[in-house]
Amino acid sequence: MQPTPIERVRFLKSLSWLTACLTIAVLLTGCGEATSGGGPSAFTPENLPASTGEEERARAIELLDKMQRTTFDSAFVQLQNYAFTRTVRTERRNGPAGPEAFRERTLSYTPDENTTFRVASIRADSSGSFDASVLGRFAPSSNPDGIPTNLATQAFPEDPPYLAERKREAFQYNVRSDTYEGVPVDVVIVQARNGESGPEQSARFAELTLHRDTHQLLAAHTVYTERTLLYAQDTVFRILLRPADGETWLPRETEFRALLDMILRDPLEIATQSTYSELTAS
């Protein structure tokens, strides 16, 4: 099974040439440790809600306390019971100029008794080279057999800081009522504050869509940062579910973006998006 996007980012950090970078950094700063912290991210959405009163803040926190994750965490596992089509597009980006390279594939997945899936390629297209860059390690595997990577716990880990009571003062909480995939939902928006300990937080933004009746998490959009002496890393996860049979929800769309800015190298940005369609129970 191919490495997860987070594992690929960690691989980048451990490349051998980082040892040389560390030596240079220590000589320049006189510091023996590369400390880690958060900070603002260019990936944080614009036009976020303004700060509101304590009543809305309390309601948002109450909804987060009631949040259930069973539907969200099991969505990718449920895929093994369905035939489906998946389109995967991976881009190496260069700011507003657009992608420098991309690979796009459309694949059909059919459950198999002997293997996880029978996978067939329907369409493939590409432009530019991934292999000539470190970012090529983010490119889709040439052998995509098996269930797609479960991004649920990476997009929204079990213990993000804004759920911890002792760290709530670092975040602003907003909530709005909406409709998602035909069901009533509450959308909780969390953003790191400019004051207090907000600037230090690695969790910069979260938009969490909760079923109003069951409080099940149905969609998540999160932004994280990490700042050290050697590198700055920004990551975005976005997972949208869709209803299938009865109470079963399956992935509709996933997105992963990473921006890695390392000393002595140009910034590296990669984005991978998957869409799921033609879902049929096996």
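To start, this report covers the structure provided alongside it.

Reading the values: rules and limits
- Residues numbered from 1 in each chain as written.
- Predicted model: local features only at pLDDT ≥ 70, side-chain atom pairs only at ≥ 80, totals over all residues.
- Heavy atoms only, no water.
- Helix = DSSP H or I, 4+ residues; strand = E, 2+ residues; numbered from the N terminus.
- Buried < 20%, exposed > 50% of the residue type's maximum accessible area, 1.4 Å probe, protein only.
- Contact = heavy atoms within 4.5 Å.
- Areas by Shrake-Rupley, 256 points an atom, 1.4 Å probe, with all protein chains shown as cover.
- Core = buried A, V, L, I, M, F, W, Y, C linked by side-chain atoms within 4.5 Å.
- Arc of directions from axis to C-beta.
- Pairing = 2+ DSSP bridges.
- Axes fitted to C-alpha atoms, helices over the stretch in contact; angles between N-to-C directions.

Comments concerning the overall build of the protein
Secondary structure assignment for the protein yields five helices and 10 strands. Considering the protein as a whole, with its 282 residues, one finds that 46% of them fall into the buried category. Here the contacts in the protein between residues at least 6 apart in sequence split such that 62% fall between residues at least 24 apart. Split by element, the accessible area of the protein, about 14,200 Å² in all, is 46% carbon and sulfur.

Some details on the nonpolar core
If you look at the biggest cluster of nonpolar residues, it comprises 54 residues, and the most contacted ones within it are Phe-72, Tyr-162, Phe-171, Tyr-173, Val-188, Val-190 and Leu-208. Among the elements that line this core, the one with the most residues is strand E5 (residues 183-192), at seven residues. If we skip the residues at most four places from it in the chain, Tyr-162 touches Phe-156, Arg-168, Phe-171, Tyr-173, Val-190, Ala-203, Ala-206, Leu-208, Thr-222 and Tyr-224.

Let's talk about helix H4 (residues 70-78)
Looking only at H4, the buried set comprises Thr-71, Phe-72, Ala-75 and Phe-76. Take H4 and look down its axis: the buried residues cluster within an arc of 130 degrees, on one side only. Looking at the buried side of H4, the elements it contacts are helix H5 (152-155), strand E7 (217-227), strand E8 (231-243), strand E9 (249-262) and strand E10 (268-281).

Describing the sheet that holds strand E6 (residues 203-211)
Taken together, the 10 strands give an open sheet; going across it, the order is E3-E2-E1-E10-E9-E8-E7-E6-E5-E4, and neighbouring strands pair in antiparallel fashion. Both outer strands of the open sheet, strand E3 (117-127) and strand E4 (171-180), are each paired with one neighbouring strand and no more. Averaged over all adjacent pairs, the angle separating strand axes in this sheet is 10 degrees, with direction ignored. Across seven bridges, E6 lies against E7 in antiparallel orientation. From the neighbouring strand, Thr-209 faces E7, where its bridge partner is Ala-219. Docked against the sheet, helix H3 (residues 54-66) engages E4, E5 and E6, running at close to 70 degrees with respect to E4.

Some points on the pairing of E9
Counting buried positions along E9 yields 10 of 14 residues, so the element is predominantly enclosed. Here E8 pairs with E9 via 13 bridges, running antiparallel. Counted as the bridge partner of Ile-239 is Thr-254 from E9. Between E9 and E10, which pair antiparallel and follow one another directly, the connecting turn spans five residues, one of which, Leu-264, has a positive phi of 70 degrees.

Points about the environment of His-215
Within the fold, His-215 resides in the loop between E6 and E7. In contact with His-215, not counting residues within four places along its chain, are Leu-63, Lys-66, Met-67, Gln-68 and Leu-210.

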